[in-house]
Amino acid sequence: MTRVEADVAERPTFTKHLECSLTGDTYPADKVHTLSRAGKPLLVRYDLDGLRRAVTRDDLSTRAYDLWRYREFLPVRKKENVVSLGETVTPLLRAPRLERRLGGGEILIKDEGRLPTGSLKARGLALAVSMAKELGISRMAMAKAGNAGAALAAYCTRAGIESYIFCPDDAQGPNVGETVLQGAKLYKVNGLINDCAKIVADGKEAMSWFDASTLKEPYRIEGKKTMGLELAEQLGWTLPDAIFYPTGGGTGLIGMWKVFDELERIGWIGGKRPRMVAVQSTGCAPIVRAFDQGREFAEPWQNAATVASGLRVPAALGDFLILRAIRESKGFAVAIPDEVILEARAEVGKDEGLLLSPEGAATYAAYRQALAEGRVDKTDRVVLFNCGNGLKYPMPDTELRVDRHKPVDYPRL
């Protein structure tokens, strides 16, 4: 028995039902669900009184340092259905040189690139595939261009479930090869992610697959909410002043906001909440536009293009949930140009030795801008989410060369 399998053994679960995120209509647990009748994401609801009686914060000290230490907060009923690739708790790294450079408060970077398949997508897909296994699903499909497709492939293969991925034909880099090597059938489509999503939706009847695209099933939110659980525990059951989160589909932002409420209701944290800041690219910023215009829903973004592929989501199914969390937290949404994202990535690498993904670098650029504009205070403790391992993205070559046939002009010290 592995450490993870031992750690999840013999724990009670507390799922009561599922709930439409827009209308509040309820749906029975332990059945296969996609969207609600209103066409909106479903949220898992728990017996929080029972959860509070069953586990305390001190109980966590005896458990393995992984995602499954929070199993009472998660929907998987049976330990044999937990599908794991070793989802470690990710580090929270301080950035002292950046703090001095900017003259602001404490900067903490939550490095999600340490997870299996190199991104935070492992959290959501570990739960989605575990629940698929529990519910008897044997084939899954997804419209995705990057890290999510790779994670679905890995976890489905681990679970013995077939996986099919459809991505835009301009998708490139390690994620494409990784997805294939980890057992998925990957198809490139001459279109954008929305075109891929239509192929998945149209193929459900013919292929009998379950559509695991962002927020079209209820459980990726539950996996992503473990970021909030980890963050609270790492900060001694307090929360930062602000969280800067790279927002494409926004599942992680939605999940963290959900679990902060659950933690307060069981008495593990107080009423203080961080300001939630959604970070997008100027090449694809539907949430920023909707926030600035005071809208409840975001209009699809036309001709989306950005170097931060995880931010290239023209229409987010959970748009109203993202906007709701931003406004309830008194946060804001900000869009960063691609050239600034790349410059910020280089700055963090050279100052702190941290190789961020472009999406993660966007959060630093957004914080730097917000601090300069007075949208965050100089005393605020902020958390920036780096959503993926920087090695999975294109990097510059050096312009410095040495000719082995000539004397080396060594730099002056």
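Before reading further, recall that the structure is shown in the block above.
Residues numbered from 1 in each chain as written. Predicted model: local features only at pLDDT ≥ 70, side-chain atom pairs only at ≥ 80, totals over all residues. Heavy atoms only, no water.

## Focus on the overall build of the chain
Selection criterion: Helix numbering and strand numbering both begin at the N terminus, where a helix is a DSSP run of H or I of at least 4 residues and a strand a DSSP run of E of at least 2. Based on C-alpha atoms, the radius of gyration is set beside the globule rule, defined as 2.2 Å times the residue count to the power 0.38. Partly exposed residues are those whose accessible area sits between 20% and 50% of the maximum for their type, while under 20% is buried and over 50% is exposed, using a 1.4 Å probe and protein chains only. Every accessible area reported is derived by Shrake-Rupley at a probe size of 1.4 Å, with residue values counting cover from the shown protein chains alone. A positive count includes Lys and Arg, and a negative count includes Asp and Glu. His and the chain ends are not counted in either. For this purpose, a charge sits on NZ of Lys, CZ of Arg, CG of Asp or CD of Glu.
Within the chain one finds 15 helices and 13 strands. Since a compact globule built from 413 residues should have a radius of gyration of about 22 Å, the 21 Å found for the chain is in line with a globular shape. Seen through its C-alpha atoms, the chain measures out along the principal axes to roughly 70 × 50 × 50 Å. Within the chain, the fraction of its 413 residues that count as buried is 59%. Counting every atom, the chain has about 17,600 Å² of accessible surface; 49% of that belongs to carbon and sulfur. Within the chain, one finds 58 positive and 54 negative side-chain charges whose respective centroids are separated by 1 Å.

## Remarks on the nonpolar core
Rules: What is meant by a nonpolar core is a set of buried Ala, Val, Leu, Ile, Met, Phe, Trp, Tyr and Cys residues, joined one to another through side-chain atoms within 4.5 Å. By definition, residues are in contact when any of their heavy atoms lie within 4.5 Å.
Among the nonpolar cores identified, the biggest contains 118 residues, and Val129, Met140, Leu152, Ile243 and Phe244 are the most heavily contacted of them. With residues near it in sequence (within four places) discarded, valine 129 still touches Val83, Met140, Leu152, Tyr155, Cys156, Ala159 and Ile161. By size, the runner-up hydrophobic cluster in this structure holds ten residues, among which are Phe166, Ile193, Cys196 and Trp209.

## What to know about the pattern of salt bridges
Definition in use: The term salt bridge refers to a pairing of a side-chain nitrogen on Lys or Arg with a carboxyl oxygen on Asp or Glu at a separation within 4 Å.
Applying the stated criterion across every chain yields a total of 29 salt bridges. Arginine 139 is the partner of glutamate 162 in a salt bridge, and the nearest nitrogen-oxygen pair spans 3.2 Å. Of this pair, glutamate 162 sits in strand S7 (residues 162–168) while arginine 139 sits in strand S6 (residues 139–143); the two residues are 23 residues apart in sequence, bridging distant segments of the chain. By relative accessible area, glutamate 162 is classed as partly exposed at 31%. The exposure class assigned to arginine 139 is partly exposed, which follows from its relative accessible area of 22%. Aspartate 261 is the partner of arginine 265 in a salt bridge, and the nearest nitrogen-oxygen pair spans 3.6 Å.

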